[in-house]
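# Structural features, examined
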Amino acid sequence: ISEIEKLIADVPSKIDQIRLWTDFALKSYIKKSEELFNKIVNHHIKPLTSKIPKENYSDRVQALIYSAPALFLYSNRELSWLDDLLKINRNFLDQAIARVCNFILKKSHPDEPYKGDDHTFEINFEETKNILSLLSRTSTDSVIVYTIQKVINSISSPKTLISKQQKTELTE
């Protein structure tokens with residue numbers, strides 16, 4: 001990782017550095033390399049995003065939206081980091097939430113094409129609850145409708161990972 005650190009540090013744009021680290025972190029998370037994922041977020045993504053001045057809101061917004069899935073997973077699904085985006089613009093918050101929901105559904109990078117059935121996803125009960133919690137913070141109808149359709153298709157699928165009891169709990 002030290003060679004990668006040197007190479008990324010040479011990239012002049014902090015936004016590009018955050019993108020590279022986020023890509024690396026999400027791939028580590030997907031490969032179940034939790035220690036590496038945590039190290040990348042804690043030692044690279046969080047410090048880089050915090051170094052972007054609040055006055056430079058365009059770069060700050062880009063960084064927070066792009067790194068949203070990694071920040072969400074790192075913070076144990078705690079959402080206070082989203083408040084930065086909410087203070088700037090509600091639409092930016094909704095974009096970040098959409099990226100996180102996409103990552104949870106696809107279990108792949110939000111910008112990568114999905115290789116499976118684009119109508120159903122293998123999501124478990126906790127992931128479904130996380131998605132619903134995130135959606136409660138958004139106000140963009142298209143994000144809500146698109147994501148809820150994917151969740152409904154997924155939990156209605158014969159391959160669902162969610163029990164009947166859990167489905168009942170989700171509808172209450």
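Before reading on, note that the structure itself is shown above.
Being a predicted model, the structure only gives us computed values, none of them experimental. (Residues numbered from 1 in each chain as written. Predicted model: local features only at pLDDT ≥ 70, side-chain atom pairs only at ≥ 80, totals over all residues. Heavy atoms only, no water.)

Our next topic: the pattern of salt bridges. Tallied over the full model, the rule gives three salt bridges. Of the charged contacts, one joins K6 and E3 as a salt bridge, the two residues approaching to 3.6 Å between their closest N and O atoms. Taken together, the residues K6 and E3, both in helix α1 (residues 2-9) and three residues apart, mark about one turn of the helix. Of the two residues examined, K6 and E3, each falls in the exposed class. E127 is the partner of K107 in a salt bridge, and the nearest nitrogen-oxygen pair spans 3.2 Å. (Salt bridge = Lys/Arg side-chain N within 4 Å of Asp/Glu carboxyl O. Helix = DSSP H or I, 4+ residues; strand = E, 2+ residues; numbered from the N terminus. Buried < 20%, exposed > 50% of the residue type's maximum accessible area, 1.4 Å probe, protein only.)

Enumeration according to the criterion identifies three aromatic pairs in this entry. Ring geometry for W21 against F24: centres 6.0 Å apart, planes inclined by 25 degrees, an arrangement best described as stacked. Here W21 and its partner F24 are both found in helix α2 (residues 14-30), three residues apart, which amounts to about one turn of the helix. With relative accessibility at 22%, the residue F24 sits in the partly exposed group. Connected via pairs of aromatic rings, a cluster forms that spans Y29, F37 and F103. One cation-aromatic arrangement involves R19 over Y66; the distance from NZ or CZ to the ring centre is 5.2 Å. It is R99 that lies over the ring of Y66; its NZ or CZ is 4.7 Å from the centre. (Phe/Tyr/Trp six-rings, centres within 6.5 Å; stacked < 30°, edge-to-face > 60°. Lys NZ or Arg CZ within 6 Å of the ring centre and 35° of its normal.)

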